[in-house]
Amino acid sequence: MKCDIAIIGGGAAGFFTAINTAALNPKLKIVILERGKEVLSKVRISGGGRCNVTHDCMDQRELVKNYPRGEKELLGPFSKFGPKQTIEWFESRGVSLKTEADGRMFPISNKSQTIIDCFLSECKKHNIGIETGVVVKDIQKTDEGFEIATTTQPIQASKVVVAAGSSVKVWEILRNLGHDIIDPIPSLFTFNVVEKEITALAGISKQVSVSIPQLKLKQTGNLLITHWGFSGPAVLKLSAIAARELAKLEYRFEIKIDWLNQDSNVFDYESELRTLLLEHHKKTIVNTNLYGFSNRHWLLLLEKTGIPQQKKIAELNKKDYRTLATVLRSDAYQINGKSTFKEEFVTAGGVSLKDINFKEFSSKKTKNLFIVGECLDIDAVTGGFNFQNAWTGGFLAAQVLAQ
């Protein structure tokens, strides 16, 4: 098979690159090569089947802060094609997006199939070829372009776009083409907790501050107690930011939770507790839950302090207040392992960002080779940011591919 552009990977980044290239230059023969039986499988399951298309963050300097790897490199690209342009792109093709309270953006239909149908319709409109069940075995540079060895037939292409996600096989092919590959490790994962008393409270969520003292890292946000440990945005952000350090620790470390989510530099936990509790001096401590904890959660925190449950507020001494303040401010838990966050497995690692020209997402090592999406050593926290990286890279690459 001969084509102008071969796109390796039938996911978000691959399709977006293909569609935008074809829209700019309809004469090009473009083929998407997907190893699986289905294309856009990650789009289908993302956001619980609703597809978290992007995030309502229009300031690119704020936007890049959601990328533990890629923050510096994406600043320029996002100024050219960011969430605003993403929204306009989809709306111009009949797909309106809505913004939820936390800034995540979804199709109004609440169905990822809407995004898939849009992409497939655009491919049909622009005569983009889609080949499934094609495993790429090798890519060789030739005088005319590239020779791609596959499990079905050899493919000759003038230009190649690699959008194969976190494919170890494809990374190895790129390494053979001279690229530096950063070893992949998991990012975006939940924490497994040693202490089973807390996991008995599975289903409870609370706005907290979570820190890893050993790494001097902290994140605020919602924390969800699960049957195996801790999840929720605060934990997922920490897992992404500290991905490499936590891998070195073999996912065994201590976290501390500030259940009141206060700034300890200005908030005096002990005196605040004393002021609030003394208003209920006739009650027992177990019946004085001032901070919106569930009864089971408050009981567990009290057990950790060692204060008798039936002790009256009026009987609390200085040591009791100090102990209770410590538990609320820095409740410590041992983490022993990680779990994948839903189906949204994300890796840190891939093609070194030093190898990429981010004005067009082209390779500095191999002429006419472009690399987009998660194949690069770029990853983000949850909230639509990984998809935004895919859209931005695909759009900017298309501007050059279409020439």
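It should be emphasised that the depicted structure is a prediction, and the values quoted were computed from it without experimental measurement.

Caption draft 1: Structural view of the overall build of the chain. The helix and strand tally for the chain stands at 14 helices and 20 strands. Across the 403 residues of the chain, 53% fall into the buried class. Sequence separation of 24 or more characterises 73% of the internal contacts of the chain that already satisfy a separation of 6 or more. Just so you have it, the chain exposes about 18,000 Å², and 48% of that area is on carbon and sulfur atoms.

Caption draft 2: Looking closely at the pairing of strand 1 (residues 2-8). A large share of strand 1 lies buried, amounting to 5 of its 7 residues. Pairing of strand 1 with strand 2 (residues 30-34) involves 4 bridges; the strand directions are parallel. Considered in strand 2, the bridge of A6 is made with V31. Tracing the backbone out of strand 1, into helix 1 (residues 12-24) and back to the parallel element strand 2 gives a crossover that is right-handed.

Caption draft 3: Fine view of the pattern of salt bridges. Counted by the stated rule, this structure contains 13 salt bridges. One salt bridge connects D102 with R104, and the closest N-O pair in it is separated by 2.8 Å. The exposure class of D102 is partly exposed, given its relative accessible area of 43%. The network of salt bridges with shared partners includes R50, E100, D102 and R104.

Caption draft 4: A look at helix 4 (residues 71-80). Among all positions of helix 4, only L74, P77 and F78 are buried. For helix 4, the angular spread of the buried residues around the axis is 105°, confining them to a single face. Its buried side turned inward, helix 4 meets helix 3 (60-63) and helix 14 (385-401).

Caption draft 5: View of the sheet that holds strand 16 (residues 331-340). Taken together, 6 strands build a closed barrel; the order of strands is 11-14-13-12-15-16 and the barrel is antiparallel. On average, adjacent strands in this sheet sit at an angle of 50° to one another, irrespective of strand direction. In this fold helix 9 (residues 233-241) packs onto strand 11 (189-193), strand 12 (205-212), strand 13 (217-225) and strand 14 (229-231), with an angle of close to 135° to the strand it touches most, strand 13.

Caption draft 6: Quick look at the side chain of T347. Along the chain, the position of T347 falls in strand 17 (residues 346-351). Its relative accessible area of 6% is what places T347 among the buried residues. Leave out the neighbours within four places in its chain, and T347 touches S166, W171, I185, P186, S187, I378 and D379.

Caption draft 7: Quick peek at the packing of aromatic side chains. One pass over the full model with this rule turns up 23 aromatic pairs. Judged by centre distance (6.3 Å) and plane angle (15°), the rings of F15 and F119 are stacked. Here F15 is found in helix 1, whereas its partner F119 is found in helix 6 (residues 112-125), with 104 residues between them in sequence. Taken individually, F15 and F119 each receive the classification buried, so the pair is uniform in this respect. By the ring-pair criterion, three or more aromatic residues cluster together here, those being F15, F16, F81, W89, F90, F119, F387, W391 and F395. The ring of F146 has K141 sitting right over it, with the charged end atom 4.7 Å from the ring centre. The cationic tip of K304 hangs over the ring face of Y333; the distance from NZ or CZ to the ring centre is 3.8 Å.

Caption draft 8: Structural detail: the nonpolar core. If you look at the biggest cluster of nonpolar residues, it comprises 85 residues, and the most contacted ones within it are F90, F119, V162, L174, I371, L376 and W391. Ranked by residue count, the leading element in this core is helix 14, at 8 residues. Not counting residues up to four positions away in its chain, the partners in contact with F119 are F15, F16, I19, L40, W89, F90 and W391. Counting 44 residues, the second largest nonpolar core, distinct from the first, contains V193, V210, Y251 and L328.

Caption draft 9: Quick look at the packing of helix 1 against helix 6. Relative to each other, helix 1 and helix 6 sit at 40°, their axes nearing to 10 Å. At the point where helix 1 passes helix 6, the crossing takes the left-handed sense. Along its contact with helix 1, which presents F15, F16 and I19, the element helix 6 presents F119, L120, E122 and C123. Grouping the amino acids of the contact of helix 1 with helix 6 by side-chain chemistry returns 6 nonpolar, no polar and 1 charged.

Caption draft 10: Representation of the pairing of strand 16 in the model. Relative to strand 16, strand 11 runs antiparallel, the two being bridged by 4 bridges. The partner of T190 across the bridge, within strand 16, is S339. In this structure, strand 15 (residues 252-258) lies alongside strand 16, joined through 6 bridges in antiparallel fashion. When the bridges of strand 16 are listed, I257 appears paired with D331.

Caption draft 11: Here's a closer look at the environment of V136. Mapped onto the fold, V136 is located in strand 7 (residues 136-141). Among the residues examined, V136 registers a relative accessible area of 8% and is labelled buried. Expressed as a C-alpha distance, the spacing of V136 and Q388, which sit 252 residues apart in the sequence, is 26 Å. Those residues in contact with V136, other than ones at most four positions away along the chain, are I8, L33, I148, A149, T150, K169 and I173.

The rules behind the values
- Residues numbered from 1 in each chain as written.
- Predicted model: local features only at pLDDT ≥ 70, side-chain atom pairs only at ≥ 80, totals over all residues.
- Heavy atoms only, no water.
- Helix = DSSP H or I, 4+ residues; strand = E, 2+ residues; numbered from the N terminus.
- Buried < 20%, exposed > 50% of the residue type's maximum accessible area, 1.4 Å probe, protein only.
- Contact = heavy atoms within 4.5 Å.
- Areas by Shrake-Rupley, 256 points an atom, 1.4 Å probe, with all protein chains shown as cover.
- Pairing = 2+ DSSP bridges.
- Right-handed = clockwise from strand over helix to strand, strands pointing away.
- Salt bridge = Lys/Arg side-chain N within 4 Å of Asp/Glu carboxyl O.
- Arc of directions from axis to C-beta.
- Axes fitted to C-alpha atoms, helices over the stretch in contact; angles between N-to-C directions.
- Phe/Tyr/Trp six-rings, centres within 6.5 Å; stacked < 30°, edge-to-face > 60°.
- Lys NZ or Arg CZ within 6 Å of the ring centre and 35° of its normal.
- Core = buried A, V, L, I, M, F, W, Y, C linked by side-chain atoms within 4.5 Å.
- Left-handed = near helix turned anticlockwise from the far one by under 90°.
- Nonpolar A, V, L, I, M, F, W, Y, C, P; charged D, E, K, R; others polar.

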